[in-house]
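# Architecture and fold: a report
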Amino acid sequence: MASQSGEALRSLAESILRGKPDSHEIALSCLDKGLSVEEILTKGVIAAWLEFAAWYDRDPDGALKGWMESYNATNRVLKALDPAIKVPENPPFSAAVVAVRGEGHVLMRDVISLLLRSRGVRVYSSRKGVVPEDLLEPISDPSLKWLVVSCTESDLNDQVIAIIKWAKQKRPDLRVIAGGPQAEKVGADMVANDPSELLREIGL
């Protein structure tokens, strides 16, 4: 059974990497085999993008030719997995997972949102980039413990810094985790570029 599960996850990662239109069907078959959403995300989806990053390092032009297909395949997988997550009645805490306006690399934001929800966390997120006013609802939630910010583009660092400062002024108890190439530069409490590391940092 373990070998079959591993084979299914490798098939999913390969399908995403190649931008296959049926990637979401492979993800659903993984669910049918009894794999959890977390396993599918970490060992299928995220594994594919780690391999993509290595491909990009070797051959940037070649990797970028297939980037959009891989991105679209991943989005289809996320949408297929979303209904499988049950909303808990009493989540351990809440987290806001965001990117600022203008941020183009938002895929990991969406993957992390789903990953946290699969662990029973109430997640505030948005398909659009946020400004401080967009965080008024999560900031008003006393169960909010974490703000997770995606930081990939250097020309948006000032916006990320501003939103972190605003959130911390409103909620001094809030902890901020940043991820991405610019994460060290925005004044977050901690940096986590590996989803497993992020889960450990927030106590899951």
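Summarised in this report is the structure supplied together with it. (Residues numbered from 1 in each chain as written. Predicted model: local features only at pLDDT ≥ 70, side-chain atom pairs only at ≥ 80, totals over all residues. Heavy atoms only, no water.)

Glancing now at the packing of aromatic side chains. Enumeration according to the criterion identifies three aromatic pairs in this entry. Aromatic pair phenylalanine 52 and tryptophan 55: ring centres 5.7 Å apart, planes at 75 degrees, arrangement edge-to-face. Pair noted here: phenylalanine 52 and tryptophan 55 are both in helix H3 (residues 37-58), with a separation of three residues, about one helical turn. On the basis of relative accessibility, which here comes to 6%, the residue phenylalanine 52 falls in the buried class. A centroid spacing of 5.2 Å and a plane angle of 25 degrees characterise the contact between tryptophan 67 and tyrosine 71, whose relative ring orientation is stacked. Of this pair, tryptophan 67 and tyrosine 71 both sit in helix H5 (residues 67-81), separated by four residues, roughly a single helical turn. Here tryptophan 67 falls in the partly exposed class, since its relative accessible area comes to 25%. In this structure an aromatic cluster arises from ring pairing among Trp49, Phe52 and Trp55. (Phe/Tyr/Trp six-rings, centres within 6.5 Å; stacked < 30°, edge-to-face > 60°. Helix = DSSP H or I, 4+ residues; strand = E, 2+ residues; numbered from the N terminus. Buried < 20%, exposed > 50% of the residue type's maximum accessible area, 1.4 Å probe, protein only.)

Time to look at the pairing of strand S1 (residues 94-98). Of all five residues in S1, five are buried; the element is thus mostly enclosed. Both faces of S1 are covered, namely the face carrying Ser94, Ala96 and Val98 and the face carrying Ala95 and Val97. Taken together, the four bridges between S1 and strand S2 (residues 122-125) define a ladder with parallel strand orientation. Across the sheet, the residue bridging to alanine 95 is valine 123, located in S2. Once the chain exits S1 it traverses helix H6 (residues 107-118) before rejoining the sheet at S2, and the crossover so formed is right-handed. (Pairing = 2+ DSSP bridges. Right-handed = clockwise from strand over helix to strand, strands pointing away.)

With 22 residues, H3 extends 30 Å between its outermost C-alpha atoms, agreeing within 8% with the 32 Å of an ideal straight helix rising 1.5 Å per residue. Along H3, the sharpest change in direction is near 35 degrees and occurs at alanine 47. Turning to H3, its buried residues number three or more, namely Val37, Ile40, Leu41, Gly44, Val45, Ile46, Ala48, Trp49 and Phe52. (Expected span 1.5 Å × (residues − 1). Bend = angle between axes of the 7 residues up to and from the residue.)

The five strands lie next to each other as S2-S1-S3-S4-S5, forming an open sheet whose pairing is parallel. Two strands bound the open sheet, and with one partner strand each, they are S2 and strand S5 (190-191). Sheet contacts for H6: S1, S2 and strand S3 (144-150); angle to S1, the most-contacted strand, approximately 165 degrees. (Contact = heavy atoms within 4.5 Å. Axes fitted to C-alpha atoms, helices over the stretch in contact; angles between N-to-C directions.)

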